Protein chains: 2
Amino acid sequence: MTPRTNGIVFSVAQLRDHAYEHVASELKRLGMTDLAPSHGAILITLYREKALSLKELSIRINKKKSSTTELVDKLIRLGYVEKATSAEDQRVKLVGLTAKSLAHKKDFKVLSENVNGRVYKGFSIEEQQLFTDLLSRALKNY
Amino acid sequence: MTPRTNGIVFSVAQLRDHAYEHVASELKRLGMTDLAPSHGAILITLYREKALSLKELSIRINKKKSSTTELVDKLIRLGYVEKATSAEDQRVKLVGLTAKSLAHKKDFKVLSENVNGRVYKGFSIEEQQLFTDLLSRALKNY
DNA sequence: GCATCTTAGTTCGTCAACGAACCTTTTGCA
DNA sequence: TGCAAAAGGTTCGTTGACGAACTAAGATGC
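None of these values were measured; they are calculated from a predicted model.

**Q** Looking at this structure, I do not really get the protein's contact with DNA strand D. What am I missing?
**A** With respect to spatial proximity, 24 residues lie near DNA strand D, and among them A:Ser38, A:Ser67, B:Leu54, B:Lys55 and B:Lys83 are the closest. Within the contact set of DNA strand D, a phosphate oxygen lies 3.1 Å away from a backbone nitrogen or oxygen of A:Gln90. Every element with two or more residues in the surface near DNA strand D is listed here: helix 2 (37-49) and helix 4 (65-77) of chain A together with helix 3 (54-60) and helix 4 (65-77) of chain B. Considering every element that reaches the surface near DNA strand D, the biggest residue donor is helix 4 of chain A, with five residues.

**Q** Looking at this structure, I do not really get the sheet that holds strand 3 (residues 93-97) of chain A. What am I missing?
**A** Within a sheet, each strand pairs with its neighbour through backbone hydrogen bonds, oriented either parallel or antiparallel. All names here are of chain A. In space, the three strands of this open sheet follow the order 1-3-2, with antiparallel pairing throughout. Sheet topology places strand 1 (52-53) and strand 2 (81-85) at the edges, where each strand pairs with a single neighbour. Against the sheet, helix 2 contacts strand 1, strand 2 and strand 3, and its axis sits at roughly 90° relative to strand 3. Along the sheet face, helix 4 touches strand 2 and strand 3 and points at about 115° away from the line of strand 2.

**Q** Any chance you could explain the relation of the copies chain B and chain A here in plain terms?
**A** The operation relating chain B to chain A is a screw motion whose rotation component is 180°, with 0.0 Å of axial translation and a residual RMSD of 0.0 Å. Taken together, the rotation angle and the small translation identify this as a two-fold axis. Taken together, the interface assignments show that 100% of the residues at the interface of chain B recur at the interface of chain A, consistent with an identical surface on both copies.

**Q** What exactly am I supposed to notice about the confidence of the model for chain A here?
**A** Detailed reading of the predicted coordinates is not advisable wherever pLDDT is low. Taken residue by residue, chain A gives an average pLDDT of 94. The fraction at 70 or more is 96%. No element of chain A has a lower mean pLDDT than helix 6 (residues 105-119) of chain A, which averages 95, and none a higher one than helix 4 of chain A, which averages 98.

**Q** Just checking my understanding: could you explain the protein's contact with DNA strand C for this structure?
**A** For DNA strand C, the set of nearby residues contains 24 residues, the closest of which are A:Lys55, A:Thr69, A:Lys83, B:Ser38 and B:Ser67. Taking the atoms of DNA strand C that fall within 4 Å of the protein, sugar and phosphate contribute 68% of them. The contact in question runs from a phosphate oxygen of DNA strand C to an N or O atom on the side chain of A:Thr69, over 2.8 Å. Contact distances for DNA strand C include 2.6 Å between a phosphate oxygen and a side-chain N or O atom of B:Ser38. Of the residues contributing to the surface near DNA strand C, the split by class is four nonpolar, eight polar and twelve charged.

**Q** Help me out: how do you make sense of the interface of chain B and chain A in this one?
**A** Reports often express the size of an interface as the amount of accessible area lost when the parts come together. Across the boundary between the two partners, chain B contributes 47 residues, which contact 47 residues of chain A. Surface buried jointly by chain B and chain A totals about 4700 Å² across both partners, of which 64% is contributed by carbon and sulfur atoms. For the chain B face of the interface with chain A, the top three residues by lost area are B:Ile8, B:Arg48 and B:Tyr142, together amounting to 16%. Between A:Lys63 and B:Asp17 there is a salt bridge whose closest N-O contact spans 4.0 Å.

**Q** So what exactly am I meant to see when it comes to the side chain of B:Asn141 here?
**A** Inspection of the secondary structure puts B:Asn141 in the segment after helix 7 (125-139). With residues up to four places along the chain from it excluded, the contact list for B:Asn141 reads A:Arg118, A:Val119, A:Tyr120, A:Lys121 and A:Phe123.

**Q** Whenever I open this one, unusual backbone geometry confuses me. Can you help?
**A** Note: most peptide bonds trans; most residues except glycine with negative phi. Despite not being glycine, B:Lys50 shows a phi value in the positive range, around 60°. Residue position: B:Lys50 is located in the loop between helix 2 (37-49) and strand 1 (52-53).

**Q** Would you take a moment to explain the nonpolar core for this structure?
**A** A general feature of soluble globular proteins is that nonpolar side chains tend to end up buried together. Membership of the largest hydrophobic core comes to 74 residues, with the highest contact counts inside it found for A:Phe131, B:Leu43, B:Val81 and B:Phe131. Not counting residues up to four positions away in its chain, the partners in contact with B:Leu43 are B:Leu35, B:Leu75, B:Tyr80, B:Val81, B:Leu97, B:Ser101 and B:Phe108.

**Q** Whenever I open this one, the sheet that holds strand 1 of chain B confuses me. Can you help?
**A** Residues and elements named next belong to chain B. What the three strands build is an open sheet, ordered 1-3-2; its pairing is antiparallel. Each edge of the open sheet carries a strand with a single partner, namely strand 1 and strand 2 (81-85). Sheet topology places strand 1 next to strand 3 (residues 93-97); two bridges connect them, and they run antiparallel. Among the inter-strand pairings, Ser53 is bridged to a residue of strand 3, identified as Leu94. Strand contacts of helix 2: strand 1, strand 2 and strand 3, with the helix running at about 90° to strand 3, the strand carrying the most contacts. Against the sheet, helix 4 touches strand 2 and strand 3, its axis set at about 115° to strand 2.

Rules behind the numbers
- Along each chain, residues carry numbers from 1 onward, in the same order as the chain's sequence is written.
- Numbering of ligands from 1 and lettering of chains from A proceed in the order in which they are written.
- Given that this is a predicted model, residues contribute local features only at a pLDDT of at least 70 and side-chain atom pairs are listed and counted only at 80 or more, while totals for whole chains, interfaces and linings are drawn from all residues.
- Side-chain numbers come from the whole structure's heavy atoms, not from hydrogens or water.
- We call a residue near a molecule or strand when any one of its heavy atoms sits within 4 Å of it.
- Two N or O atoms count as a polar contact when they lie within 3.5 Å, although within protein this holds only if one can serve as hydrogen donor and the other as acceptor, and sequence-adjacent residues are included solely when both atoms are side-chain atoms.
- Helix numbers and strand numbers start at the N terminus; a helix is a DSSP run of H or I with at least 4 residues, a strand a run of E with at least 2.
- A pair of strands is considered paired only if DSSP assigns at least 2 bridges between the two.
- Should any heavy atoms of two residues lie within 4.5 Å, those residues are considered in contact.
- Only the stretch in contact is used when a helix axis is fitted, and all axes are lines through C-alpha atoms; the angle between N-to-C directions ranges over 0 to 180 degrees.
- The copies were overlaid with a least-squares fit restricted to C-alpha atoms from residues scoring a pLDDT of at least 70 in each copy.
- The pLDDT value tells you how sure the predictor is about a given residue, anywhere from 0 up to 100.
- Classification used: nonpolar for Ala, Val, Leu, Ile, Met, Phe, Trp, Tyr, Cys and Pro, charged for Asp, Glu, Lys and Arg, polar for all others including Gly.
- Summed over both partners, the accessible surface that disappears when two parts come together, traced with a 1.4 Å probe, is what is meant by buried area.
- For salt bridges, the criterion is a side-chain nitrogen of Lys or Arg within 4 Å of an Asp or Glu carboxyl oxygen.
- The criterion is simple. A nonpolar core is a set of buried Ala, Val, Leu, Ile, Met, Phe, Trp, Tyr and Cys residues joined through side-chain atoms within 4.5 Å.
- Here the term buried applies to any residue with accessible area under 20% of the maximum for its type, exposed to any over 50%, and partly exposed to those in between, with areas from a 1.4 Å probe on protein chains only.

Below, the structure is given as structure tokens:
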């Protein structure tokens, strides 16, 4: 009667943890030893969308604003991004890339491919599509 | 050319985070305000498998052993579990349930159903099966 | 024009999680 | 038999993440 398997949520969490470990090791391999997966998420987001406010960034990376402030501050300390007050609204701080992070754009592209590719290993294109569809439907339940 | 969507890993992480938030709110609702999702995972594992060593427990909940020690110690402090040295191997500490946690067994059953059920909302039985299958295949890539 | 409310960000205290170093007991092996 | 290696746990320092309380700037209403 008692199922030997934990629920889906547990499996989802496990997959996330393994993937994050993979991200962390890729970051280390690239020499970015003091960056965590979340820092990478910020950079990847900025590569795609240029400068963003902390508010917008926090939504993109799915983190609370206080966490985002701290993650960005670390990236600033390490020279990967910079913060500038918006001209239109003095409350808004825009986070933008630097020469240093722009130089790593390609690295992050490869990193993304490695990390996402590993999850999909052995999946046909249709299965990949199915998986993302089911995932996005599950996400809509929140 | 640049996809507007982040990769699957990001979606998986997002789903995990939302589900964990749900777990946290359910724990709060049940009056267990000082328990985190991981503490719940330990209790649920023990409900299913009786007493386990810290080693075995750490594998079941997918956490490192030092983390497991700390999570269990908190559960002991709060009276939910107890630790006893194994008779056969003095190195091994067996973690077992207490009257307090046994009294909450039903609560955790409901919690699990609520949390996992939410993910599956709008899913047919076949889709649920498909999702868990794809997920377990992805997990095997690690 | 001024007070109030809302919104963007920051600060701070707390906690789960980890890795590394460590202790203890058990196992392996020469 | 004895000693090195392995295995189970713990300790400790560090870090990402959070919520709550706060500041400052902008919007709203009277």
